[in-house]
Amino acid sequence: MIEIKDILTPDRILIECHIKSKKRVLQLLSQLLPEQLEDITPQEILSCFVKRENLGSTAIGHGTALPHARIAGLEQPLAAYIQLHDAIEYDTEDHHQVKFFFGLIVPEDCNAEHLHLLSQIAERFHDEAFRTAISDAKTPEEVCQLFAFVHT
């Protein structure tokens, strides 16, 4: 199975971003993801993220949202991470603002890996020690190291 560390690289991580809207976060995630893709555009990814959000918010609590989408023509999962300087409104069930955004795109027929990755990501962000550590991270490389650490 693919692990988070296999799909998230420092060039797709932004920290301390000053973004004020859900729409802008989704746009930025959509721009970070397709850098090495030839046939998939940021607009296509954004459209898929918006369609998924229209089904229900991808916020999972604890100030975290996991925008995700299945993309036709994608060969392997890819991830991007944005951490905001100030949390924003994001249609959350717990009515808390969101600061952590983990964007995930997977191939259209990648059901098991999609669920496995979402579960891994959610598990990390439900851990208060992880959220504290990632909040304190100063570089994209530090963020990658936190996701690469496998805790038991």
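Details of the structure are given in the entry above.
Note that the coordinates shown come from a computational prediction; the quantities given were computed from them, not determined experimentally.

A few words now on the pairing of strand β6 (residues 98-107). A regular strand places its side chains so that they alternate between the two faces of the sheet. Counting buried positions along β6 yields 9 of 10 residues, so the element is predominantly enclosed. Relative to β6, strand β3 (residues 64-65) runs parallel, the two being bridged by 2 bridges. Following the sheet pairing, Thr64 is matched in β6 by Phe100. In the sheet, strand β4 (residues 68-71) pairs with β6 via 4 bridges, with the strands oriented parallel. Among the inter-strand pairings, Arg70 is bridged to a residue of β6, identified as Val106. Note: strand β5 (residues 78-88) against β6, 7 bridges, orientation antiparallel. Paired with Ala79 across the strands is Leu104, a residue of β6.

Moving on, we come to helix α2 (residues 22-32). Regarding α2, the residues found buried are Lys22, Val25, Leu26, Leu28, Leu29, Ser30 and Leu32. Contact partners of the buried residues in α2: β1 (13-17), α3 (42-55), β5 and β6.

Now for the environment of Glu38. Mapped onto the elements, Glu38 comes out in the loop between α2 and α3. Between the alpha carbons of Glu38 and Leu74 there is a distance of 9.9 Å; along the sequence they are 36 residues apart.

Our next topic: the packing of aromatic side chains. Here the structure, examined in full by the defined rule, presents 8 aromatic pairs. Measuring from centroid to centroid gives 5.3 Å for Tyr90 and Phe101, while their planes differ by 65 degrees, and the two rings are edge-to-face. One end of the pair, Tyr90, is in the loop between β5 and β6; the other, Phe101, is in strand β6, and 11 residues separate them in sequence. Side by side, Tyr90 and Phe101 carry an identical accessibility label, which is buried. Of the aromatic side chains, those joined through ring pairs into one cluster are Tyr81, Phe100, Phe102, Phe125, Phe130 and Phe147. Positioned above the aromatic ring of Tyr90 is the side chain of Lys22, whose terminal nitrogen or guanidinium carbon lies 4.6 Å from the ring centre.

The final tally for this structure, using the stated rule, is 3 salt bridges. The partner of Lys5 in a salt bridge is Asp6, with the nearest N and O atoms 3.5 Å apart. Accessibility expressed as a relative area gives 47% for Lys5, which makes it partly exposed. Salt-bridge contacts for Lys22 lead to Glu53; the nearest nitrogen and oxygen are separated by 3.4 Å. With Lys22 in helix α2 and Glu53 in helix α3, the pair connects residues that are 31 residues apart, well separated along the chain. Here Lys22 matches Glu53 in class, with each residue buried.

Moving on, we come to the packing of helix α5 (residues 128-136) against helix α6 (residues 140-148). Where α5 contacts α6, the two axes come as close as 9 Å, and the packing angle between them is 160 degrees. The angle between α5 and α6 falls in the class roughly antiparallel. With respect to the hand of their crossing, α5 and α6 are arranged in right-handed fashion. Across the interface between the two elements, Phe130, Ala133, Ile134 and Asp136 from α5 touch Glu142, Val143, Leu146 and Phe147 from α6.

What follows is about the state of the cysteines. Applying the stated rule across the entire model yields 0 disulfides. With no disulfide of its own, Cys17 lies 15 Å from the sulfur of Cys144, the closest cysteine sulfur. Note on Cys48: no disulfide assigned, nearest cysteine sulfur contributed by Cys110 at a separation of 14 Å. Exposure remark for Cys48: the relative accessible area of 19% places this residue in the buried category.

Rules of the game
Residues numbered from 1 in each chain as written. Predicted model: local features only at pLDDT ≥ 70, side-chain atom pairs only at ≥ 80, totals over all residues. Heavy atoms only, no water. Buried < 20%, exposed > 50% of the residue type's maximum accessible area, 1.4 Å probe, protein only. Helix = DSSP H or I, 4+ residues; strand = E, 2+ residues; numbered from the N terminus. Pairing = 2+ DSSP bridges. Contact = heavy atoms within 4.5 Å. Phe/Tyr/Trp six-rings, centres within 6.5 Å; stacked < 30°, edge-to-face > 60°. Lys NZ or Arg CZ within 6 Å of the ring centre and 35° of its normal. Salt bridge = Lys/Arg side-chain N within 4 Å of Asp/Glu carboxyl O. Axes fitted to C-alpha atoms, helices over the stretch in contact; angles between N-to-C directions. Parallel < 35°, antiparallel > 145°, perpendicular 65-115°, else oblique. Left-handed = near helix turned anticlockwise from the far one by under 90°. Disulfide = S-S within 2.5 Å.

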